[in-house]
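Close look at the chain arrangement
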Amino acid sequence: MSRKAERAASSRFGRCPTDISEERLLPVPLFRRGKREIVEHFDVIVVGAGPAGSAAALTLARKGFSTLLVERGRSPGAKGMFGGRVYAWPFAELLPEWAKDCPIERRVVRENLAFLTDDASLGISFDAPKMAQGRGASFTALRAKFDAWFAKKAQDAGAVLVTGIRVDDLWREDGRVRGVFVAPNDRVVSDLVVIAEGATSTLVRKAGLKADLEPREVSVGVKETVELPAETIQERFGLDETEGAAYLYTNRASVSLGLVVSSEDLSRKKVEIQEIQTRFRMHPAVQRLIRGGKVVEYSAHLVPELGAGMMPRLSGDGILVVGDAAGFLINNGYTFRGVDLAIASGVAAGEAAEAARAAGGMTAANLGAYEKFLRRRNVLTDLERFRRAPLYMKKDRLFDVYPRMLMEIAERMYTVDGAGKERLFDVVLDEAASAGVPKLKMLLDLLQGARSM
Amino acid sequence: MTAGGTAGRPRRIVVCIKQVPRAQELQVDPVTQTLKRVGVPSEINPPDANALEMALQLKDRLGTEVVVLSMGPTSFDESLERAVAMGADRSVLLTDRILGGSDTVPTAYALSETIQKIGGYDLLLCGEETTDASTGHVGPGIAGHLDLPQITYVSEVRIINGKVRARRTAEDGTEWWETTMPCLCTVNFGCNRPREPTLTGKIRVKRGGLVTHWSCADVGIDPKKVGLFNSPTIVAKVDTVRLPSRSGQIFSGEPEESVRKLLASLVADRVIAA
């Protein structure tokens, strides 16, 4: 190539305004300055590729929105944590064929509710093989596999998934959300941002939708995953290859042992959660099931606990909040729901975006329809119904005095040592008296429990 | 063929990178005595990542175009995509079965041919060496094929009056060298901190079209000069260093007593004097 032709070919480099005779070291590198800055644009950016985010991205992409799904972990599920169980009902509508390729660990066919003291356990067991079928089906899952599968569904529908990026803040212009901000010179513009960041969402606070979390609003969940051969699990839990038992969740080749303790209780009683977890793991009733296994994973996460009592504002100009970030979690003592509400809220967010688009734009007023779609799926209604449950369960009597009492009663019921047997009713009254709970209070707790659960 | 000197600053930088197994996870197969590469997570060869960062810093300041080049199987796309996500403008992978088994001689030849096909370059940057072979041959080999001035073991590059001035790490200190463009520099490992990919960069990768695959025929590489049979290096033997086993001994009991026992043992073994 001749010099002249070459210079012509490279002429776009010739108009650089910078003085190039001596390289100037600028204090701040100007990456793609001025007109050369390329800002990517999407209709919607979903922050967080957990169940809520993927459900939102999937729904949005299907409705024709160009959708970016941004995940902080190296892959979806890498940073996620949950107890281990998914209620499958939202899939009936969203992915009717879900059971074909969903990475189910085991289907839940038995519910156990057990009270444990130092060395004894007292439980109710409910066997129901038909729970594994139909709309009420539920299954155990591992986040690394489940979230990856779900995010893939969103990608297949056309959403663009980017992992390994932490969104630092929202991009605001003229008082409304206009996209996300990762670093100076690294922002992406959108008409709507869906926050699906989980329980510890910082964007919800930065968007001014909620104040800082209070200790009473969150619990700490810890989980240990104990590796065991699949056959051992089947043998010990009396399961076939695909069935599972809930609470101490059985996965295919591991068992998840988890517990959730209120942050307030932890600080008030001055105990370390690891200590409680260890005592739980070492409990004879648990040890029987996991002995010989190796703890291969330990995880901990905050759990939003106050449900309807801690919800942020759910929508604003160019913004919607879904899943745990919105506090969509129901723990009423016998069921623990998060993933199903997350998925349902993601779908509702997609519908709200569609409605807002039809109404002329992603304004706070138009996005207000989100609540309507949440109610249609009973998300808000269930949350409101169980609003009192967290407060009820905070009573010490429920997790401390009563289990101990029940255990004492059971011990006296079943002990035959020739020392003379009492009638059951007398045992109960006697134990209640020695536990120091007035009869009226017991009756009241029972009544409140029935109402809040 | 290029004219960086007249423009005063480099217009296009080509950075040569290699994808290598992540060093911490490397294992030598005890039977075959070769590196186990299957199933080991990969990364951009760390010195090449420093070369890329150096190029991107020049781009930040001068608006230079950065093209990343590699030669290898299509699994190298992972690293080439990462390079684009970090801020490179585009990347090229020279990939062809006939290149399999090439040592540093055919590699330097094939890369230099590909660089000529990319064209328009003023500065070529390579890492000082790879972490999986550590020869340091390829960068200088490319400079040889293209008949370019080269500065090796560079930790800093400045563009001054249309010339490259580079700080070279020598055994007994540092030297400053200056040369005209186009030229080639091999970059010191650890001389800068490679940036993380950006969201915008990752989206650009997802949108596609920024990683180009070329075969030997696309570039016009002579098949008789590449591949295993045209590689003069013969790996005669690879030895693994076996750590000597240690005869551990635990002194139990009361602290004072066990310390006394330990001391006595160390004295007996003449590790310390009594």
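Here, the structure is the one placed above.
The text that follows walks through the structure, step by step, so that each part is easy to find. (Residues numbered from 1 in each chain as written. Chains lettered and ligands numbered in written order. Predicted model: local features only at pLDDT ≥ 70, side-chain atom pairs only at ≥ 80, totals over all residues.)

1. Remarks on the sheet that holds strand E15 (residues 294-304) of chain A
Residues and elements named next belong to chain A. Taken in spatial order, the 4 strands of this open sheet run E13-E14-E11-E15, and their pairing is antiparallel. With partners counted over all chains shown, the strands left at the sheet margins are strand E13 (249-250) and E15, one partner each. Along the sheet face, helix H9 (residues 273-282) touches strand E11 (218-227) and strand E14 (254-262) and points at about 135° away from the line of E14. (Pairing = 2+ DSSP bridges. Helix = DSSP H or I, 4+ residues; strand = E, 2+ residues; numbered from the N terminus. Contact = placed C-beta atoms within 7 Å. Axes fitted to C-alpha atoms, helices over the stretch in contact; angles between N-to-C directions.)

2. Structural notes on the packing of helix H2 (residues 51-62) of chain A against helix H5 (residues 143-156) of chain A
Residue and element names in this part refer to chain A. At their nearest, the axes of H2 and H5 sit 8 Å apart, and the two run at 15° to each other. The angle between H2 and H5 places the two elements in the roughly parallel class. The handedness of the crossing between H2 and H5 is left-handed. Contact residues: Pro51, Ser54, Ala57, Leu58 and Ala61 in H2; Asp147, Phe150, Ala151, Lys153 and Ala154 in H5. Here the contact of H2 with H5 is composed, by residue class, of 7 nonpolar, 1 polar and 2 charged. (Parallel < 35°, antiparallel > 145°, perpendicular 65-115°, else oblique. Left-handed = near helix turned anticlockwise from the far one by under 90°. Nonpolar A, V, L, I, M, F, W, Y, C, P; charged D, E, K, R; others polar.)

3. Considering the nonpolar core
Counting residues in hydrophobic clusters, the biggest one holds 89 residues, and the most contacted among them are Val47, Leu69, Val194, Ile195, Leu320 and Val322 of chain A. Discounting residues that sit within four places of it in the chain, valine 322 of chain A has contacts with Ala52, Ala56, Val194, Ile195, Ala196, Ala342, Ser345, Gly346 and Ala349 of chain A. Within the second largest apolar cluster, 63 residues are counted, among which are Leu52, Val84, Tyr153 and Cys185 of chain B. (Core = buried A, V, L, I, M, F, W, Y, C linked by C-beta atoms within 7 Å. Buried ≥ 20, exposed ≤ 12 C-beta atoms within 10 Å, placed from the backbone.)

4. Side note on the sheet that holds strand E9 (residues 173-180) of chain B
Residues and elements named next belong to chain B. Strands sit in the order E9-E8-E7-E10-E6-E1-E4-E5-E11 across an open sheet of 9 strands; the sheet is mixed. In this open sheet, the two edge strands, each paired with only one partner strand, are E9 and strand E11 (211-214). Direction aside, the axes of adjacent strands within the sheet are offset by 30° on average. Summarising the sheet, strand E7 (residues 150-160) and strand E10 (residues 183-187) pair through 3 bridges and their orientation is parallel. Residue glutamine 150 lies in a different strand from E10, and its bridge partner there is leucine 184. Relative to the sheet, helix H4 (residues 104-118) contacts strand E1 (12-16), strand E4 (65-71), strand E5 (90-94), strand E6 (123-127) and E11, its axis offset from that of E4 by approximately 145°.

5. Here we look at the pairing of E11 of chain A
Residue and element names in this part refer to chain A. Counted residue by residue, E11 has 7 buried out of 10 residues, so it is predominantly covered. Strand direction decides the pairing type here: E11 and E15, joined by 10 bridges, are antiparallel. Across the sheet, residue valine 218 finds its bridge partner in E15, namely proline 304. Summarising the sheet, E11 and E14 pair through 9 bridges and their orientation is antiparallel. When the sheet's bridge partners are listed, threonine 225 is paired in E14 with serine 256.

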